[in-house]
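# Overview (structure and organization)
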Amino acid sequence: MTIRSPAAAVAWEFRHRHRWGLMAIAALLCVLSVIKLVVLVRGFPVDFDSAERFAIVVVVPISSTFTYFLAVFTYGLEGDLAARQSMYPARMFTRPVPTAALAWWPMLYGTAAVVILWMATRLLALWPSFIHVPTIWPGILAVVLLAWTQALTWMPYGLPGLRVIVVMACLTVIDTIVLLAIHFDASESFMAAFLLPQIPLAWLVARSAVARARCGDVPDWRGSFTWLARLGGVSRSRAHFRSPASAQAWFEWRRNGWSLPGWVAILLPVELLLLWVADTSTTLVVTILLGACFTPVIMATFGAVTVSTASGTGSASYSLSPFIAARPLTNAQLIAAKLKMTVWSTALAWLLVIVAIPLALARSGEMPLVIDRSRRFAEAVGTPRAVVFLLLVVAGFVASTWKQLVQSLYIGLTGREWLIKGSVFVMLAVLFCLGPIAVWIVETRRVGVVWNALPAILAVLVGIKMVAAAWVATRVYRGRLVRDRTLVIGAASWCIVVLVLYALLGWLVSGPLIPRYFFLLLAILAIPLARVSAAPLALAWNRHR
Amino acid sequence: MSESVISVTELTRRFGATTALASVSLSMPRGAVYGLVGANGAGKTTLIRHILGLLRAESGSVRVFGLDPVADPVGVLSRIGYLSEENDLPGWMRVDELMRYTRAFYSAWDDAYAEELRQTFALDPAATIKNLSKGQKARAGLLIALAHRPELLVLDEPSSGLDPIVRRDILGAVIRTIADEGRTVLFSSHLLGEVEEVADHVTMIHQGTIALSAPLDDIKKSHGGKSLDEIFVALVGMPAADSSLRSE
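So, here is what we can say about the structure in this document. Note that the coordinates shown come from a computational prediction; the quantities given were computed from them, not determined experimentally.

### Re the overall build of chain A
Helix and strand counts for chain A come out as 23 helices and zero strands. Expected size for 545 residues packed as a compact globule is a radius of gyration near 24 Å; at 26 Å, chain A falls within 12% of this value. Here chain A, with 545 residues, has 40% of them falling under the buried criterion. For chain A, long-range pairs separated by at least 24 residues make up 80% of all intrachain contacts whose partners lie at least 6 apart in sequence. For chain A, the exposed surface amounts to about 29500 Å²; the carbon and sulfur share of it is 73%. For chain A, the centre of its 45 positive side-chain charges and the centre of its 20 negative side-chain charges are spaced 15 Å apart.

Now the structure itself:
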């Protein structure tokens with residue numbers, strides 16, 4: 001195929017690099033159109049009026065697609081979001097193309113993509129329903145959000161991490177104004193008048209950002225903040241590492257350790273600020289607190305992507321870099337360093353949550369309400385149970401955060417692009433199917449059937465988990481990837497944690513309705529085993545290809 | 001010159017339909033400088049990656065210090081200094097952090113020697129790796145490969161990163177010092193002139209097979225004193241490097 005112009009070359013690159021993602025989106029749109037054309041035309045009674053069903057069928061897949069477009073057209077999948085340098089790929093700067101073209105072609109293609117997405121959503125994904133969806137301005141909003149994200153991610157910044165804060169702040173301001181406009185029933189023309197002028201403005205900012213990046217104009221404000229680094233103990237340490245393992249743990253910490261606490265530190269204050277408007281609404285206070293507690297867990301899901309990256313030196317490659325692969329460390333030691341880093345990262349993130357929540361409750365005046373509700377709960381179930389319940393909930397959140405960080409190691413560390421991308425696709429497909437299945441179960445009144453079958457379902461899952469764990473343990477043992485002692489201690493520790501959790505659950509929820517073995521199955525499924533144990537196998541497969 | 005540091009027997013490796021190495025056998029005794037030469041894509045890096053245990057032998061065997069580098073990576077890698085062709089040092093590290101980090105892995109790390117190398121290579125300890133030039137990055141890589149005085153130094157295409165001054169004035173001297181101390185150097189390059197200056201023994205690799213492997217003096221003697229470039233062309237029918245590279 002002959003590519004005849006720079007514009008066509010840029011388009012070809014987007015199409016070729018993201019062909020699998022684009023094909024998946026095309027498949028999604030085809031499914032939606034088939035549902036609309038076949039099911040609705042034939043008159044099947046399909047009811048999509050409830051907000052939940054609307055969210056499952058339309059909002060989740062379409063907003064996921066929009067997020068994917070944001071990542072693609074900002075070149076976000078190949079850049080470093082936290083770096084000072086522009087995220088616009090430096091390889092493009094040497095092409096004999098005017099700067100405006102460099103900036104505007106990706107913006108134009110991005111605009112076209114989100115406009116097509118909105119049109120397809122409007123035509124194919126929206127069924128006749130009582131939910132009113134405006135015709136034009138959501139499409140313009142998508143274009144505006146994309147344009148500003150492109151402009152602000154391509155801008156060079158004076159401090160590492162500043163890009164994240166600026167982008168988040170800008171998009172939050174736009175979203176807030178739009179939400180307020182919706183709340184006050186603003187007309188379509190008003191929304192268009194507010195949004196449309198932002199498009200050329202964002203395009204001009206983007207052109208300026210690319211022009212600065214192209215001539216290597218990166219401001220450096222770090223000198224003004226050296227006192228802060230000294231204050232935080234980040235100043236140069238001359239002490240030698242005690243062992244290779246501690247050096248590798250330091251490496252992992254410096255590479256990924258700060259990400260999760262950093263994200264939590266940015267998001268938590270914004271969430272907890274809502275306590276000041278919660279007044280005496282118990283529901284709102286509980287929702288805000290739950291949101292704050294889920295923040296590390298959700299952020300850990302994103303953090304896991306970089307934690308499980310094999311390359312280790314920031315290169316775009318999926319395979320292990322020679323720098324890391326040639327370290328005189330066993331595969332188990334390399335994994336141990338990652339696990340140690342994730343434990344510290346989780347602990348620091350939760351330290352922030354545990355300190356921030358009481359502070360915010362005290363300062364916002366919501367503390368008496370929380371104490372009162374806690375006292376009532378303790379009176380209802382007994383103080384020891386209430387305390388154990390609270391500790392178990394906190395431990396559950398902390399463990400879930402850590403689990404999110406490490407459970408994809410066994411995929412990411414393989415360094416196989418097809419496996420990594422395939423697993424993401426499978427996971428999204430499963431998530432996409434879960435909602436409709438749940439709706440079907442509720443609609444067809446099969447909740448009782450599922451409840452009765454739950455022990456059997458859990459038993460099957462436990463069986464799969466134990467078979468997988470046995471297979472992994474055998475491979476790890478035969479490959480001499482970890483010492484026998486480590487294998488035995490790991491298995492024994494896992495058994496102890498499962499038994500403790502089982503005992504606590506059994507004591508906490510005593511009653512004839514739920515059989516004891518149910519708790520044992522839950523405890524076995526809750527504590528990570530097979531996937532974490534498979535990490536050394538994955539790394540060995542990558543390191544010794 | 002008795003015990004083999006590297007012993008490769010009937011090593012074959014394929015990547016899809018391409019055979020990168022075909023029944024390669026090689027033995028490298030201790031205490032000499034080995035030049036591994038060949039055109040780009042000849043199989044030099046693939047062979048080196050097998051020696052480091054980064055590739056698993058599909059057939060045949062690889063032994064380094066008598067150990068299997070895949071089964072015992074710590075035993076092998078702790079005695080090797082390696083400068084990668086890819087120059088993939090972590091960009092976020094400072095030079096002093098890189099030295100401190102690497103020091104932890106090698107019990108024989110020599111602080112005084114590391115500092116001497118840093119000064120010789122004119123590397124600012126506070127400089128961040130990603131802000132270094134390509135040549136400076138290669139010097140930093142060479143520093144951490146040398147500072148623990150490895151029994152085996154593996155340099156994979158160092159010429160592609162190091163600037164001409166370092167190559168001419170420093171690299172040769174360093175390599176000779178290592179060999180004089182009874183340690184071994186494996187030096188891969190497609191710039192035959194450079195290999196000719198420092199190598200005791202030359203192995204020519206072409207399309208995954210060993211075209212020639214012998215002491216440099218013997219090769220020259222048997223080819224009437226011709227240069228390695230001329231011998232390479234005579235053997236494989238093409239130069240190892242294009243003219244632009246040779247003129248560097």
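### So, the overall build of chain B
From N to C terminus, chain B includes ten helices and nine strands. Taking 2.2 N^0.38 as the reference for a compact globule, 248 residues should give roughly 18 Å; the C-alpha atoms of chain B span a radius of gyration of 18 Å, in line with that estimate. Projecting the C-alpha coordinates of chain B onto the three principal axes gives extents of approximately 50 × 40 × 35 Å. Scored against the burial criterion, the 248 residues of chain B give a buried share of 56%. Of the contacts made within chain B by residues no fewer than 6 positions apart, 68% connect residues no fewer than 24 positions apart. As displayed, chain B has an accessible area near 9700 Å², and 49% of this comes from carbon and sulfur atoms. Each charge class in chain B can be summarised by its mean position, and for the 25 positive and 32 negative side chains these summaries are 3 Å apart.

### Some thoughts on the sheet that holds strand 6 (residues 152–156) of chain B
Residues and elements named next belong to chain B. Read from one edge to the other, the open sheet built from six strands follows the order 5-6-7-3-8-9, with strand pairing classed as mixed. Edge strands, defined here as strands with exactly one partner in the open sheet, are strand 5 (80–83) and strand 9 (209–215). Put simply, the sheet's adjacent strands are angled 15° from each other on average, direction ignored. With six bridges joining them, strand 8 (residues 201–206) and strand 9 adopt antiparallel strand pairing. Within strand 9, the residue paired with His-201 across the bridge is Pro-215. Docked against the sheet, helix 9 (residues 228–236) engages strand 3 (33–37), strand 8 and strand 9, running at close to 35° with respect to strand 8.

### Let's talk about the pairing of strand 6 of chain B
All names here are of chain B. Taking burial as the measure, the five residues of strand 6 include five buried ones, the bulk of the element. Here strand 6 shows no split at all, with Leu-152, Val-154 and Asp-156 on one side and Leu-153 and Leu-155 on the other all buried. Judged from the four bridges that link them, strand 5 and strand 6 form a sheet pairing that is parallel. Its bridge partner being in strand 6, Ile-80 is matched across the sheet by Leu-152. Where strand 6 and strand 7 (residues 184–189) come together, five bridges link them in parallel fashion. Across the sheet, the residue bridging to Asp-156 is Ser-188, located in strand 7.

### Overview of the interface of chain A and chain B
Counting residues at the interface gives 31 residues for chain A and 36 residues for chain B. Summing the contributions of chain A and of chain B, the shared interface buries around 3000 Å²; its carbon and sulfur component is 59%. Considering only the side of chain A, the residues that lose the most area to chain B are Pro-322, Pro-328 and His-544 of chain A, jointly responsible for 21% of the buried surface there. Taken together, the connections running from chain A to chain B amount to one salt bridge. Salt-bridge contacts for Arg-254 of chain A lead to Glu-97 of chain B; the nearest nitrogen and oxygen are separated by 2.7 Å. Taken together, chain A and chain B are joined by ten residue pairs in polar contact (both at pLDDT 80 or more). At seven residues, the largest contribution of residues to the side of chain A that touches chain B is made by helix 10 (residues 244–257) of chain A. The class makeup of the residues in the side of chain A that touches chain B is 14 nonpolar, ten polar and seven charged.

### What to know about the packing of helix 19 (residues 447–478) of chain A against helix 21 (residues 516–526) of chain A
Relative orientation and spacing of two packed helices are given, respectively, by the angle between their axes and the distance between those axes. Residues and elements named next belong to chain A. Orientation of helix 19 relative to helix 21, taken along the N-to-C sense of each, is 40°, at an axis distance of 10 Å. For helix 19 against helix 21, the interelement crossing comes out left-handed. For the pair helix 19 and helix 21, the contacting residues are Leu-454, Pro-455, Leu-458, Ala-459, Leu-461, Val-462, Lys-465 and Met-466 in the first and Tyr-517, Phe-518, Leu-521, Leu-522, Ile-524 and Leu-525 in the second. Here the residues of the contact of helix 19 with helix 21 sort into 13 nonpolar, no polar and one charged.

### Some details on the nonpolar core
Ranked by size, the top nonpolar core spans 116 residues in total, and within it Tyr-101, Leu-143 and Leu-186 of chain B carry the most contacts. If we skip the residues at most four places from it in the chain, Leu-143 of chain B touches Met-99, Trp-109, Ala-114, Leu-117, Arg-118, Phe-121 and Leu-123 of chain B. Leu-70, Leu-117, Val-167 and Leu-171 of chain A belong to the second-largest nonpolar core, a separate cluster that totals 55 residues.

### A word on the pairing of strand 7 of chain B
Within strand 7 of chain B, six of the six residues are buried, which leaves it mostly tucked inside the rest of the structure. Across the two faces of strand 7 of chain B the burial is the same, with Thr-184, Leu-186 and Ser-188 of chain B and Val-185, Phe-187 and Ser-189 of chain B all buried.

### Re the pattern of salt bridges
All names here are of chain A. Across all of its chains, the model carries 22 salt bridges over all chains by this definition. Notably, a salt bridge pairs Glu-13 with Arg-95, separated by 3.7 Å at the nearest N-O pair. With Glu-13 in helix 1 (residues 6–17) and Arg-95 in the loop between helix 3 (51–73) and helix 4 (99–125), this pair connects stretches of sequence that are 82 residues apart. Under the relative-accessibility criterion, Glu-13 is labelled buried at 12%.

### Regarding the packing of helix 5 (residues 137–154) of chain A against helix 8 (residues 198–214) of chain A
All names here are of chain A. Following both chains from N to C, one finds helix 5 and helix 8 inclined at 20°, their axes separated by 8 Å at the closest point. On the basis of their axis angle, the class for helix 5 and helix 8 is roughly parallel. Note on packing geometry: the crossing formed by helix 5 with helix 8 is left-handed. Note on element contacts: helix 8 touches helix 5 through Gln-198, Ile-199, Leu-201, Ala-202, Trp-203, Val-205, Ala-206, Ala-209, Val-210 and Ala-213, opposite Ile-140, Val-143, Val-144, Ala-147, Trp-148, Ala-151 and Trp-154. Taken together, the residues of the contact of helix 5 with helix 8 break down into 16 nonpolar, one polar and no charged.

### Let's talk about unusual backbone geometry
All names here are of chain B. A positive phi angle, close to 50°, is found at Ser-23, a residue other than glycine. By secondary structure assignment, the location of Ser-23 is in strand 2 (residues 18–29). With relative accessibility at 41%, the residue Ser-23 sits in the partly exposed group. For Phe-65, which is not glycine, the phi dihedral falls at a positive 55°. Relative to the helices and strands, Phe-65 resides in the loop between strand 4 (59–64) and helix 2 (73–77). Under the relative-accessibility criterion, Phe-65 is labelled buried at 9%.

Thresholds, definitions, all that
- Residues numbered from 1 in each chain as written.
- Chains lettered and ligands numbered in written order.
- Predicted model: local features only at pLDDT ≥ 70, side-chain atom pairs only at ≥ 80, totals over all residues.
- Heavy atoms only, no water.
- Helix = DSSP H or I, 4+ residues; strand = E, 2+ residues; numbered from the N terminus.
- Rg over C-alpha atoms; globule rule 2.2 N^0.38 Å.
- Buried < 20%, exposed > 50% of the residue type's maximum accessible area, 1.4 Å probe, protein only.
- Contact = heavy atoms within 4.5 Å.
- Areas by Shrake-Rupley, 256 points an atom, 1.4 Å probe, with all protein chains shown as cover.
- Lys, Arg positive; Asp, Glu negative; His and termini not counted.
- Charge placed at Lys NZ, Arg CZ, Asp CG, Glu CD.
- Pairing = 2+ DSSP bridges.
- Axes fitted to C-alpha atoms, helices over the stretch in contact; angles between N-to-C directions.
- Buried area = accessible area lost by both parts, 1.4 Å probe.
- Salt bridge = Lys/Arg side-chain N within 4 Å of Asp/Glu carboxyl O.
- Polar contact = N/O pair within 3.5 Å; in protein donor to acceptor, adjacent residues only side chain to side chain.
- Nonpolar A, V, L, I, M, F, W, Y, C, P; charged D, E, K, R; others polar.
- Left-handed = near helix turned anticlockwise from the far one by under 90°.
- Core = buried A, V, L, I, M, F, W, Y, C linked by side-chain atoms within 4.5 Å.
- Parallel < 35°, antiparallel > 145°, perpendicular 65-115°, else oblique.

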